[in-house]
Amino acid sequence: MGPQLALTCAAAIVIALSGCGSPAPEPTPSVTAETSPSPTPTPTPTVEPVTLSGCEELLPLALAKSLFSENTEFFGEFPPAEFGGHFEIPEIATAIAAAPQARLCRWAVPNSDGAFALVVAELDASDQAPLIAALTTAGFSSTTMGTVTAMELERDGVVSLEGATHLFTGDVWILCDGTSVAFTGEVAASALDALRTDNPTLGL
């Protein structure tokens, strides 16, 4: 093979090799990290507080006079811890102390033994349970109608009948301590009506 032919073949080989070489690598696209949206925190449900009606709204004086005596007077609102009823049930005082808010109202006939008391309180189910159990043990009867559980007891007292009505509905507890359960039931029902009016969204 002559020198010229050898150079020609060598050039052809170089061209062939350069044509068969691996292509230059394409640049790898950069990967952008996607940020996951932060989860929206679930709002903590808020418990709507109970609005406790005023004493004279819970039981208007005109109704107190018609139910009890024409000489009945509203004696005022007192610290709830001062409640003392006809039935010595320690769990009543415990429930009053546990209540976030409570109201004690008293009415009486001046210069007589005629008097009665009304307690309304915000009390959740966990604090209602031991009170309901204690009332059951003490002999209170129990009736449930709709959202309301009524517990009542009546007995002969030294001067007259002694009775008490307890109503439980939602986070509300109503107690009327007085004479017959016919009377205390009417007072407690008046208080419930007032609380329903002032708490229309609580389903009492």
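Residues numbered from 1 in each chain as written. Predicted model: local features only at pLDDT ≥ 70, side-chain atom pairs only at ≥ 80, totals over all residues. Heavy atoms only, no water.

Visitor: Could you give me a rundown of the pattern of salt bridges, with the residues and numbers involved?
Guide: Scanning the model with the defined rule gives two salt bridges in all. In this structure, the salt-bridge partner of Glu 77 is Arg 103, at a minimum N-O distance of 3.0 Å. Of the two residues, Glu 77 sits in strand β1 (residues 73–78) while Arg 103 sits in strand β2 (residues 101–108), which places them 26 residues apart along the sequence. For Glu 77, a relative accessible area of 46% puts it in the partly exposed group. On the accessibility criterion, Arg 103 (19% relative accessible area) is buried. (Salt bridge = Lys/Arg side-chain N within 4 Å of Asp/Glu carboxyl O. Helix = DSSP H or I, 4+ residues; strand = E, 2+ residues; numbered from the N terminus. Buried < 20%, exposed > 50% of the residue type's maximum accessible area, 1.4 Å probe, protein only.)

Visitor: Let's hear about the packing of helix α4 (residues 90–98) against helix α5 (residues 125–137): which residues, and what values?
Guide: When two helices pack together, their arrangement is given by the angle between the helix axes and by the axis-to-axis distance. It is the contact of α4 with α5, at a shortest axis distance of 9 Å, that shows an interaxial angle of 165°. Taken together, the axes of α4 and α5 lie roughly antiparallel to each other. Note on packing geometry: the crossing formed by α4 with α5 is left-handed. On α5, the residues touching Glu 91, Ile 92, Ala 95 and Ala 98 of α4 are Asp 127, Pro 130, Leu 131 and Ala 134. Of the residues contributing to the contact of α4 with α5, the split by class is six nonpolar, no polar and two charged. (Axes fitted to C-alpha atoms, helices over the stretch in contact; angles between N-to-C directions. Parallel < 35°, antiparallel > 145°, perpendicular 65-115°, else oblique. Left-handed = near helix turned anticlockwise from the far one by under 90°. Contact = heavy atoms within 4.5 Å. Nonpolar A, V, L, I, M, F, W, Y, C, P; charged D, E, K, R; others polar.)

Visitor: Run through the side chain of Asn 199, naming residues and quoting values.
Guide: Tracing the backbone shows Asn 199 in the segment after α6 (181–198). Owing to a relative accessible area of 3%, Asn 199 belongs among the buried residues under this scheme. Beyond its immediate sequence surroundings of up to four residues, Asn 199 is in contact with Pro 49, Val 50, Thr 51 and Leu 204.

Visitor: Can you break down α4 residue by residue, with the values?
Guide: Side chains of residues three or four places apart in an α-helix project in the same direction, reflecting 3.6 residues per turn. By the burial criterion, the buried members of α4 are Ile 92, Ala 95 and Ile 96. Buried residues of α4 fall within an arc of 100° about the axis and therefore sit on the same side. Those residues of α4 that are exposed and aimed more than 90 degrees away from the buried face are Pro 90, Ala 93, Thr 94 and Ala 97. Lining the buried residues of α4 we find α5, β6 (161–169) and β7 (172–178). (Arc of directions from axis to C-beta.)

Visitor: Now, about the layout of surface pockets: what can you tell me, with residues and values included?
Guide: What the largest pocket holds in volume is close to 330 Å³. Forming the boundary of the largest pocket are 21 residues, of which His 86, Asp 113, Ala 115, Phe 116 and Gly 178 lie nearest the centre. Sorting the residues of the lining of the largest pocket by element identifies β2, β3 (115–122), β6 and β7 as the ones contributing at least two each. Considering every element that reaches the lining of the largest pocket, the biggest residue donor is β3, with three residues. Here the residues of the lining of the largest pocket sort into nine nonpolar, eight polar and four charged. (1 Å grid on protein atoms, 1.4 Å probe; cavity = no way out; pocket = protein on both sides within 12 Å on 5 of 7 lines; lining within 4 Å. Points joined across faces, edges and corners; volume = space filled by probe spheres on them.)

Visitor: Break down the packing of aromatic side chains for me, citing the residues and quoting the values.
Guide: Per the stated rule, a full pass over the model turns up six aromatic pairs. Here the aromatic rings of Phe 68 and Phe 116 are separated by 5.0 Å at their centres, their planes lie at 65°, and the arrangement is edge-to-face. Within this pair, whereas Phe 68 is found in the loop between α3 (61–67) and β1, its partner Phe 116 is found in strand β3, the two being separated by 48 residues in sequence. With 5.2 Å between their ring centres and 35° between their planes, Phe 68 and Phe 183 make a pair best called tilted. On the criterion of sequence distance, the pair formed by Phe 68 in the loop between α3 and β1 and Phe 183 in helix α6 is long-range, its members being 115 residues apart. We classify Phe 183 as buried; its relative accessible area is 7%. An aromatic cluster is built from Phe 68, Phe 74, Trp 107, Phe 116 and Phe 183, whose rings are joined through pairwise contacts. (Phe/Tyr/Trp six-rings, centres within 6.5 Å; stacked < 30°, edge-to-face > 60°.)

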